[in-house]
Amino acid sequence: LEDGSIDEVNRARYLLTYLLYNAQRYPASAALGRMLAERYPNATGSRQAAKIAMAAWQQAARQGTAEDQAAARGQATELAGIVLKTWPDSAEAADAAVIAMGAATTAGDPDGIVAIIEQVPASSPRQPEILLRGGIALWQEIQKARRADEPAAEADQLDAWKAAARSTLDGGLAAVSAAGTPPSGTLGSLAVAGALSRIQIAMEDGDDERANEVLTDPGYGPWTLFRKNTPALQKGSLAEATLTLALRLFIQQQDFTSAQQAMDGLETAAGDGAEASAKLSAMYVSMGRDLQSQLESLGSGSASNGDVTKRAQKILAGFETFLDRVAARDQKISSQMWVATTYLSLGSGQKAGGAVTPAKKSEYLTKAAKAYQTMLARTDDPEVARFEPSIRLQMARIYQELGDWNRAQEQIDWILGDTKRQNSLETQIAAAEILQAAGEAAARQGDADQANTLFREAVSGRKGAISIWGWGNLANKIARQGLSGSGEKEMRAREIFFNARLQVAECLLARAQL
């Protein structure tokens, strides 16, 4: 092509972009495609070359080291910005935005997500999809940042991201409604997922009117689609998310008829068979955590103390009334388990600020213990027998929080009384925690001898028919696994090991200070 025109050269460059991609030479393909997009945007094949370059960076982001993958995602985001500016209304620009959104989401980059959203024109053929993907991803990043042990962002930054997620989801849902026909396929699933995210935000804001409006929208409303027996909303993750969220909203609105329908729907979604009860219990536990997070967010938010108290009381009043009704009326194990786990979640939150008072926490923990005791009284129920060890472990933790050390220890002794369960790591951790906490309580009360004994046992354990390892032996038993690899199990074992060693030091220091 020495004597060829620039158009011929660019056509050759476009073909070479494809051939390099096909040969899995992704960085070279991406570099050539980007060059065409930047320098020759009107040349034949430049749009397609840019699309190939985006795909090349997608492939590169799956290869190499973590640093290489992060760099490839960054390049994909940069190229998406070029494509969006150069051909804003094209199908290639819409595809680029979706790819860049995925890269920013994988990288955990809320600012990158916001930047992509801001570049998408209203005339883009995939604007509703991009807005919904962006709003969902942004809300997930906010939740992830809140759950982090160390604050991932300042409160003002989280509020700004939340405002962006709120407006983005509203825009996406409005665009879906403006289309005039109920969405289907990928867009239909995104609309439901986007609606669920928007409902969560509205509930956190205390905007029940907006939450209910989205939940029951005639086109994309998750509750509406569930009531219409839409297959995707009867079983599976969307159905479970819809029904748990609807149940929370209906309870706090004190719409107990709809709440009962949602609860019945959850039981159906859990299915039948041996795993159904465990699956349903897991859904209820998840819902309890979401409720706890809502209260924690409320307690740490910017609303005045009076507003916090008022909103918390409204939420809690609905749950108390419904839970007490279920406890008295519905004797199914799954229902009783839900009552217990929800009261436990409400009573054990540590960051709820003024949303749940200490007196209320104690009341909720007592109600949780009562619900578990009611289940254990059904000695002839095989389902209770199957769950008894986990029920008693939960009761031990409840009594620990209530400061009832003897009852807490009774539950641990029952579990470890069976030699087959003495290797239960979770139970041995709970046993050491209870001994240490009881020692701290005895020290506060001035009983140095009892505190000394309990701290010693928390470190060295108890021997006999009921064997409690203590922090020291627990660390020794898990050291090899915790220090031998980098898999998920090994990392969890490592966390337990270092925590156990820390608690040994804490107990020794406490004994020295008696």
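Check the entry above for the structure.
Colleague: How do you make sense of the packing of aromatic side chains when you look at a structure like this?
Modeller: Ring pairs (aromatic) are described by centroid distance and by the angle formed between their planes. The tally for this structure, following the rule as stated, stands at seven aromatic pairs. For the ring pair Trp223 and Phe250, a centre distance of 5.0 Å and an interplane angle of 75° mean the geometry is edge-to-face. Note that Trp223 is positioned in helix H11 (residues 222-227) and Phe250 in helix H12 (residues 237-252), a separation of 27 residues in sequence. Phe250 matches Trp223 in its accessibility class, with the two residues each being buried. Taking the centre distance of 5.6 Å and the plane angle of 20° together, the rings of Phe256 and Phe322 count as stacked. Of this pair, Phe256 sits in helix H13 (residues 256-270) while Phe322 sits in helix H15 (residues 305-329), placing them 66 residues apart in sequence. Accessibility assignment for this pair places Phe256 and Phe322 in one class, buried. Feature note: the residues Trp223, Phe226 and Phe250 constitute an aromatic cluster, connected by ring pairs. Over the aromatic face of Trp414 sits the side chain of Arg392, whose NZ or CZ is 4.6 Å from the ring centroid. In this structure, Lys477 is placed above the aromatic ring of Trp469, and the distance from its NZ or CZ to the ring centre is 4.9 Å.

Colleague: Sorry if this is basic, but what is going on with the environment of Trp338 here?
Modeller: Summarising the element assignment, Trp338 is placed in helix H16 (residues 333-348). For the pair Trp338 and Gln143, spaced 195 residues apart in sequence, the C-alpha to C-alpha distance is 24 Å. Setting aside anything within four residues of it in sequence, one finds Trp338 in contact with Leu247, Ile251, Met263, Tyr284, Met287, Phe322, Leu323 and Val326.

Colleague: I'm lost on the side chain of Asn10 in this one. Help?
Modeller: Positionally, Asn10 belongs in helix H1 (residues 6-22). Note on Asn10: relative accessible area 2%, which makes it buried. Those residues within four positions of Asn10 in sequence are excluded, and the remaining contacts are Leu36, Tyr40, Ala43 and Thr44.

Colleague: I would appreciate a short explanation of the packing of helix H5 (residues 91-106) against helix H7 (residues 127-147) in the present structure.
Modeller: Any two packed helices are characterised by how steeply their axes cross, that is the angle between the axes, and by the distance between the axes. Axis separation between H5 and H7 bottoms out at 10 Å; the angle between their running directions is 10°. With respect to each other, H5 and H7 are oriented roughly parallel. Of the residues in H7, those in contact with Ala94, Ala97, Val98, Met101 and Thr105 of H5 are Glu129, Ile130, Arg133, Gly134, Ala137 and Glu141. Partitioned by chemical class, the residues of the contact of H5 with H7 number six nonpolar, two polar and three charged.

Cut-offs used in this document
- Residues numbered from 1 in each chain as written.
- Predicted model: local features only at pLDDT ≥ 70, side-chain atom pairs only at ≥ 80, totals over all residues.
- Heavy atoms only, no water.
- Phe/Tyr/Trp six-rings, centres within 6.5 Å; stacked < 30°, edge-to-face > 60°.
- Helix = DSSP H or I, 4+ residues; strand = E, 2+ residues; numbered from the N terminus.
- Buried < 20%, exposed > 50% of the residue type's maximum accessible area, 1.4 Å probe, protein only.
- Lys NZ or Arg CZ within 6 Å of the ring centre and 35° of its normal.
- Contact = heavy atoms within 4.5 Å.
- Axes fitted to C-alpha atoms, helices over the stretch in contact; angles between N-to-C directions.
- Parallel < 35°, antiparallel > 145°, perpendicular 65-115°, else oblique.
- Nonpolar A, V, L, I, M, F, W, Y, C, P; charged D, E, K, R; others polar.

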